[in-house]
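Residue strings, one per chain:
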Amino acid sequence: QLQLVESGGGLVQPGGSLRLSCAASGFTLDYYAIGWFRQAPGKEREGVSCISSSGGSTNYADSVKGRFTISRDNAKNPVYLQMNSLKPEDTAVYYCAAGPTYGSSWYLGGEYDYWGQGTQVTVSS
């Protein structure tokens, strides 16, 4: 069974940091572009970041540029989302997703074939 599993979420104070991980079970992430999405209560799902299969290209939503960093080391499988300077508005369930291509539509959920179950990130004092 092909699965993506996110981890690393939790409760953090404003200004703090978290690192999310996305790992695969049943397949390798090496040949997939990986996207991170989030959904806050009452809001639509939002594309946060994406990285190409090689790791050579990345994209970020304007709301997280300069604060979040996506990375991957294909030899070790997981894809990471380092989140710094967290704000209360970053509170959401974060999902990773795997898709066959990397491109200008990276922020659209329809570009991805596999999704994880999500991990909760709460930024609050």
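Please refer to the structure placed before this passage.
*Asks:* Tell me about the side chain of Glu6, and please be specific about residues and values.
*Replies:* Positionally, Glu6 belongs in strand S1 (residues 3-7). Among buried charged residues, Glu6 stands out as having no salt bridge; its nearest opposite-charge side chain is Arg45, 10.0 Å away. Polar side-chain contacts of Glu6 include one of 2.9 Å to the backbone nitrogen of Cys96. Here Gly118 takes part through its backbone nitrogen, which lies 2.8 Å from a polar atom of the side chain of Glu6. With residues up to four places along the chain from it excluded, the contact list for Glu6 reads Ser21, Trp36, Tyr94, Tyr95, Cys96, Gly116, Gln117, Gly118 and Thr119.

*Asks:* Residue-level account of the packing of aromatic side chains, with values.
*Replies:* Here the distance between the centres and the angle between the planes together describe a pair of aromatic rings. Overall, the coordinates contain seven aromatic pairs when judged by the stated rule. Arranged with centres 6.0 Å apart and planes meeting at 85°, the rings of Trp106 and Tyr107 form a pair that is edge-to-face. Relative accessible area serves as the criterion here: at 9%, Trp106 is assigned to the buried category. We classify Tyr107 as partly exposed; its relative accessible area is 43%. An aromatic cluster is built from Phe27, Tyr32 and Tyr114, whose rings are joined through pairwise contacts. It is Arg19 that lies over the ring of Tyr80; its NZ or CZ is 4.0 Å from the centre. When the ring centre of Phe37 is taken as reference, the NZ or CZ atom of Arg45 above it lies at 5.6 Å.

*Asks:* An account of the environment of Leu29 is needed here, citing residue identities and associated values.
*Replies:* Within the secondary structure layout, Leu29 lies in the loop between strand S3 (18-25) and strand S4 (33-39). If we ignore the near neighbours within four places in the chain, the residues touching Leu29 are Leu4, Cys22, Ala23, Ala24, Ile34, Arg72, Asn77, Val79 and Ala98.

*Asks:* Tell me about the side chain of Arg67, residues and numbers included.
*Replies:* Of note, Arg67 is situated in the loop between strand S6 (58-60) and strand S7 (68-72). Using a relative accessible area of 10% as the deciding quantity, one classes Arg67 as buried. If we skip the residues at most four places from it in the chain, Arg67 touches Gln82, Met83, Asn84, Ser85, Leu86, Lys87 and Asp90.

How each quantity is defined
- Residues numbered from 1 in each chain as written.
- Predicted model: local features only at pLDDT ≥ 70, side-chain atom pairs only at ≥ 80, totals over all residues.
- Heavy atoms only, no water.
- Helix = DSSP H or I, 4+ residues; strand = E, 2+ residues; numbered from the N terminus.
- Buried < 20%, exposed > 50% of the residue type's maximum accessible area, 1.4 Å probe, protein only.
- Lys, Arg positive; Asp, Glu negative; His and termini not counted.
- Salt bridge = Lys/Arg side-chain N within 4 Å of Asp/Glu carboxyl O.
- Polar contact = N/O pair within 3.5 Å; in protein donor to acceptor, adjacent residues only side chain to side chain.
- Contact = heavy atoms within 4.5 Å.
- Phe/Tyr/Trp six-rings, centres within 6.5 Å; stacked < 30°, edge-to-face > 60°.
- Lys NZ or Arg CZ within 6 Å of the ring centre and 35° of its normal.

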